[in-house]
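Remarks on the overall topology
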Amino acid sequence: MMDLILWRHAEAEEAEDGHDDLARPLTSRGEKQAARMAAWLDRQLPEGLRVVASPARRTEQTAQALGRKFKMRAELLPGGTPLDLLELVQWPRAKGAVLVVGHQPMLGQTVAQLLQLQAPECPVRKGSVWWLRQRQRWDHSQTVLMAVQSPEFL
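This write-up is about the structure you can find in this document. Position numbers for residues start from 1 in each chain and track the written sequence from start to end. Restriction of local features to residues with pLDDT of at least 70 applies here, the model being predicted, together with a cutoff of 80 or more for giving and counting side-chain atom pairs; totals for whole chains, interfaces and linings are based on all residues. Side-chain metrics in this entry use all non-hydrogen atoms of the structure; hydrogen atoms and water are not considered.

This part is about the packing of helix α3 (residues 82-89) against helix α4 (residues 106-114). Lines are fitted to the C-alpha atoms to define the axes, a helix being fitted only along its stretch in contact, and any angle between axes, read from their N-to-C directions, falls within 0 to 180 degrees. The helix and strand labels rest on DSSP assignments: H or I over at least four residues marks a helix, E over at least two residues marks a strand, and numbering proceeds from the N terminus. At their nearest, the axes of α3 and α4 sit 8 Å apart, and the two run at 75° to each other. With respect to their mutual orientation, α3 and α4 come out roughly perpendicular. Every residue of α4 that contacts α3 at P82, L85 and L86 is listed here: M106, L107, Q109, T110, Q113 and L114. Each residue gets one label: Ala, Val, Leu, Ile, Met, Phe, Trp, Tyr, Cys and Pro are nonpolar, Asp, Glu, Lys and Arg are charged, and the others, such as Gly, are polar. Across the contact of α3 with α4, the residue classes tally to six nonpolar, three polar and no charged. Each angle is binned into one of four classes, with values under 35 degrees roughly parallel, values over 145 roughly antiparallel, values of 65 to 115 roughly perpendicular, and all other values oblique. When checking whether two residues touch, look at their non-hydrogen atoms; a contact exists if any pair is within 4.5 Å.

So this is what it looks like as structure tokens:
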């Protein structure tokens, strides 16, 4: 069994022409979103969790709100694909749980693919978490949606 927890970065400053997109920080609202979600996650997360984040500033700040060690991985930068993400976390072969702090549309594309949705992408709100579990059921594996949580409802 493997848990894949996808956390979209919280609200960030708007992109401006000529500025580095990867350097955009969280807004004060985004900092509050990240803190609320981190508090919820901290109560839910299992021991031995691995945490990986995109090296963009907004994802780094979101991950830091959790107060746990994490690794920044270029595979999670904007423009990455679900395949990049799934290979990085070794889905569904790894055991235990991994938390990925990343971006749209990669997170939504990954959700749509794993849940076999008709749409190529699922909307994932800023600061929200989608918790998926891969399990073996009889003679085949299943991906189960365990939880979807938004910081606005915490």
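A separate point is the pairing of strand β4 (residues 96-102). Only protein chains enter the calculation, and the probe is 1.4 Å; a residue is then buried if its accessible area is under 20% of its type maximum, exposed if over 50%, and partly exposed in between. Of all seven residues in β4, six are buried; the element is thus mostly enclosed. DSSP-based pairing: two strands are paired if at least 2 bridges between them are found. Taken together, the seven bridges between strand β1 (residues 2-8) and β4 define a ladder with parallel strand orientation. Counterpart to W7 in the pairing with β4 is V101. Where strand β2 (residues 50-53) meets β4, four bridges bridge the pair, whose relative direction is parallel. Along β4, the bridge assignment pairs V51 with L99.

What follows covers the environment of A34. Here A34 shows up in helix α1 (residues 28-44). Discounting chain neighbours no more than four positions away, the residues touching A34 are W7, A10, L26, T62 and A65.

Put simply, buried Ala, Val, Leu, Ile, Met, Phe, Trp, Tyr and Cys residues joined by side-chain atoms within 4.5 Å make one nonpolar core. Counting residues in each nonpolar core, the largest one holds 21 residues, and the members touching the most others are L4, L6, L85, V89 and V100. Among the secondary structure elements, those contributing two or more residues to this core are β1, α3, β4, α4 and β5 (129-137). Setting aside residues up to four positions removed in sequence, L4 forms contacts with L85, L86, V89, W91, V98, V100, T110, L114, W130, W131 and L132. Among the nonpolar cores identified, the runner-up in size contains 17 residues, and I5, W7, M37 and A53 belong to it.

This part takes up the pairing of β5. In the sheet, β1 pairs with β5 via six bridges, with the strands oriented antiparallel. Across the sheet, the residue bridging to M2 is Q134, located in β5. Bridge analysis of β5 against strand β6 (residues 140-149) gives nine bridges, and the strand direction is antiparallel. Bridged to R137 within β6 is H140. Following β5, the chain reverses through two residues before pairing antiparallel with β6; W138 in that reversal takes a positive phi of roughly 55°.

Time to look at the packing of aromatic side chains. In summary, the pairing rule links any two rings of Phe, Tyr or Trp, Trp by its six-membered ring, whose centres are within 6.5 Å, and it sorts them by plane angle into stacked for under 30 degrees, edge-to-face for over 60 and tilted for everything else. Within the structure shown, the criterion is met by zero aromatic pairs. Seen from the ring of W138, R137 lies directly overhead, with NZ or CZ sitting 4.8 Å from the centre. Placement of a positive charge over a ring is assigned whenever Lys NZ or Arg CZ falls within 6 Å of the ring centre and within 35 degrees of the normal to the ring plane.

Paired through their backbone hydrogen bonds, the strands of a sheet run either parallel or antiparallel. Ordered by their spatial adjacency, six strands build an open sheet running β3-β2-β4-β1-β5-β6, and the pairing between neighbours is mixed. Because the sheet does not close on itself, it has two edges, and the strands there are β3 (71-72) and β6. Running over the sheet, α1 touches β1, β4, β5 and β6 and is turned about 25° from β5. Of the strands in this sheet, β1, β2, β3 and β4 are in contact with helix α2 (residues 57-64), which crosses β4 at around 135°.

We count a salt bridge whenever a side-chain nitrogen from Lys or Arg sits within 4 Å of a carboxyl oxygen from Asp or Glu. All told, the structure shown has eight salt bridges when counted by the stated rule. With a closest N to O distance of 2.8 Å, R29 and E11 form a salt bridge. Taken together, the residues span a long stretch of sequence, with R29 in helix α1 and E11 in the loop between β1 and α1 at a distance of 18 residues. In this structure, D21 engages R24 in a salt bridge whose closest nitrogen and oxygen atoms are separated by 2.9 Å. Judged by its relative accessible area of 18%, R24 is buried. Several salt bridges converge on common partners, so that one network encompasses E11, R29, R125 and E152.

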